[in-house]
Amino acid sequence: MKPENEALVSKQQEIFSFRDLEDSTISAYVSYLVQFIEWFEAEFPDKSVRDVTWPEIRSYVDYLRTVRKIGNRTINAHIAQLHHFWRYVLKRDWDKYEVPYLRYDTSLPNVPTRTEMDAIIDSISNVKHKAEMALLYSSGIRVGELCRLKCGDVRRSTGSVFISKAKNRHERYAVPSRKALEMLIAYIRTAYPDARPEDWLFPGQKKGSHISDQSVRNVFNNAVAKANLADRGFVLHSCRHAFGLHLYEAGVDVMTIKEALGHKSLASTEVYLTLGIGNGRSVKSPYDLPGND
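All values derive from a computational prediction rather than experimental measurement.

**Student:** Kindly report on the packing of aromatic side chains, identifying the contributing residues and their values.
**Tutor:** Throughout the structure, instances matching the rule amount to 16 aromatic pairs. For the pair Tyr187 and Tyr192, a centre-to-centre distance of 6.1 Å together with 40° between the ring planes defines the contact as tilted. The pair formed by Tyr187 and Tyr192 is uniform in burial state, with each residue classed as buried. Cluster of aromatic residues (ring-pair linked, three or more members): Phe36, Trp39, Phe40, Phe44, Tyr60 and Tyr63. The ring of Phe44 is capped by Lys47, whose NZ or CZ atom sits 5.9 Å from the centre of that ring. A cation sits over an aromatic face here: Lys150 above Trp200, 4.8 Å from the ring centre.

As structure tokens, then:
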């Protein structure tokens, strides 16, 4: 990469850091910019990135779609990064009509049944890993929130877990099941007896670090395979979906589920209405109503 373009990448990263974005978000967006600049240098070796045109950006989007075969949702993330780069680094006005976001299909997630979730958790013998999975499913917290829990965040007196590093930066409480809390307490007593309130609840391999998202993902994938469910298309986020759907199927109202999941918008929670209808919950055909005999 040309030195002047390396400086542009550094400027983009600096602005992201100044905005206090998550490290994972910064890493992803900066990688998108690097990919664009590397493509641009190869296609237009004698031209400055500062002079990029709308047709050239559209050509890059077409390259992502037709050559690299990237999905439209991911391409939209690339476009959002270029929008940020255009406005904050190049100091140019962005025209959304020149490079519009792409339409994309939304698929319903594959969600384990309650029996399948029990089988996944029961297949884990390691007390720490079992507590991780039980907490994920029974409280519906995100994997990133799980990884960043401190021991002091577990409130035994109220049976809740304090979430201070939520995705939308809103603090909240999650309420895991009694069984999950018992697993957590057993894990701390047997494998982590000297834990202090300020220590990571699930420490990583390196001293002073917490467990990584990928480590939890590996635990989940191994448990799914051990439970003979590898062909069901489950991913780690399926635990969170299972929490929301199973609450809805049990009759919990959608607003309560929204708050329990920490969703900022009700639109994020509405998927459980759709999944619930598919499972026969809450909708009765008018053709079966009284008077249609």
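Having seen the structure, we can now continue with the description.
**Student:** Outline the pattern of salt bridges, listing residues and values.
**Tutor:** Counted according to the given criterion, the structure contains 10 salt bridges. Here Arg58 ties to Glu98 by a salt bridge, and the two come within 2.7 Å at their closest N and O atoms. Linking Arg58 in helix 3 (residues 54-66) with Glu98 in the loop between helix 4 (72-89) and helix 5 (114-122), this pair joins segments that are 40 residues apart in sequence. Judged by its relative accessible area of 27%, Glu98 falls in the partly exposed class. Of the charged contacts, one joins Arg196 and Glu198 as a salt bridge, the two residues approaching to 3.6 Å between their closest N and O atoms. When its relative accessible area of 47% is taken as the criterion, Arg196 is described as partly exposed. The structure contains a network of salt bridges with shared partners spanning Arg142, Glu145 and Arg172.

**Student:** Before we move on, can you summarise helix 6 (residues 127-139) with the specific residues and values?
**Tutor:** A rise of 1.5 Å per residue sets the reference length of helix 6, with its 13 residues, at 18 Å; its end C-alpha atoms lie 18 Å apart and thus fit the reference within 8%. The element helix 6 is extensively covered by neighbouring structure, given that 11 of its 13 residues are classed as buried. Buried residues of helix 6: Lys128, Lys130, Ala131, Glu132, Met133, Ala134, Leu135, Leu136, Tyr137, Ser138 and Ser139, and no others. Taking the backbone nitrogen of Lys128 as reference, a side-chain oxygen 2.9 Å away marks Asn126 as the first, capping residue of helix 6. Immediately downstream of helix 6, the backbone of Gly140 shows phi near 75°, a positive value.

**Student:** Which residues make up the side chain of Ser160, and what values go with them?
**Tutor:** Looking at the element boundaries, Ser160 is found in strand 2 (residues 160-163). Separated by 2.7 Å, the side chains of Ser160 and Thr158 make a polar contact. Here Ser160 is in contact with Asp153, Val154, Arg155, Tyr173, Ala174 and Pro176, once residues within four sequence places are set aside.

**Student:** An account of the packing of helix 3 against helix 4 is needed here, citing residue identities and associated values.
**Tutor:** At a closest axis distance of 10 Å, the pairing of helix 3 and helix 4 adopts a crossing angle of 155°. Considering their axes alone, helix 3 and helix 4 lie roughly antiparallel with respect to each other. Here the hand of the crossing between helix 3 and helix 4 comes out right-handed. Where helix 3 approaches helix 4, its residues Trp54, Ile57, Tyr60, Val61, Leu64 and Arg65 are matched on the opposing element by Asn72, Ile75, His78, Ile79, Leu82 and Trp86. Counted by class, the contact of helix 3 with helix 4 contains 9 nonpolar, 2 polar and 1 charged residues.

**Student:** Account for the pairing of strand 2, with residues named and values stated.
**Tutor:** Where burial is concerned, the two faces of strand 2 agree: the one with Ser160 and Phe162 and the one with Val161 and Ile163 are both buried. Counting the residues that bridge the hairpin from strand 1 (residues 154-155) to strand 2 gives 4 residues, and of these Gly159 lies at a positive phi of roughly 65°. Strand direction decides the pairing type here: strand 2 and strand 3 (residues 172-174), joined by 3 bridges, are antiparallel. Looking at strand 3, one finds that Val161 is bridged to Ala174.

**Student:** Describe the packing of helix 6 against helix 10 (residues 238-249), listing the residues and the values that go with them.
**Tutor:** Running from N to C, helix 6 and helix 10 point in directions that differ by 40°, and their axes come no closer than 7 Å. Taken together, the axis directions place helix 6 and helix 10 in an arrangement best described as oblique. Across the interface between the two elements, Leu136, Tyr137, Ser138 and Ser139 of helix 6 pack against Cys239, Ala242, Phe243 and His246 of helix 10. Classifying every residue of the contact of helix 6 with helix 10 by side-chain character gives 5 nonpolar, 3 polar and no charged.

**Student:** Describe the sheet that holds strand 2, with residues and values.
**Tutor:** The 3 strands lie next to each other as 1-2-3, forming an open sheet whose pairing is antiparallel. The open sheet is flanked by strand 1 and strand 3, the only strands paired with a single partner. Pairing analysis gives 2 bridges linking strand 1 to strand 2, with the strands arranged antiparallel. Note that in strand 2 the partner of Arg155 across the bridge is Ser160.

Rules used in this analysis
- Residues numbered from 1 in each chain as written.
- Predicted model: local features only at pLDDT ≥ 70, side-chain atom pairs only at ≥ 80, totals over all residues.
- Heavy atoms only, no water.
- Phe/Tyr/Trp six-rings, centres within 6.5 Å; stacked < 30°, edge-to-face > 60°.
- Buried < 20%, exposed > 50% of the residue type's maximum accessible area, 1.4 Å probe, protein only.
- Lys NZ or Arg CZ within 6 Å of the ring centre and 35° of its normal.
- Salt bridge = Lys/Arg side-chain N within 4 Å of Asp/Glu carboxyl O.
- Helix = DSSP H or I, 4+ residues; strand = E, 2+ residues; numbered from the N terminus.
- Expected span 1.5 Å × (residues − 1).
- Polar contact = N/O pair within 3.5 Å; in protein donor to acceptor, adjacent residues only side chain to side chain.
- Contact = heavy atoms within 4.5 Å.
- Axes fitted to C-alpha atoms, helices over the stretch in contact; angles between N-to-C directions.
- Parallel < 35°, antiparallel > 145°, perpendicular 65-115°, else oblique.
- Left-handed = near helix turned anticlockwise from the far one by under 90°.
- Nonpolar A, V, L, I, M, F, W, Y, C, P; charged D, E, K, R; others polar.
- Pairing = 2+ DSSP bridges.

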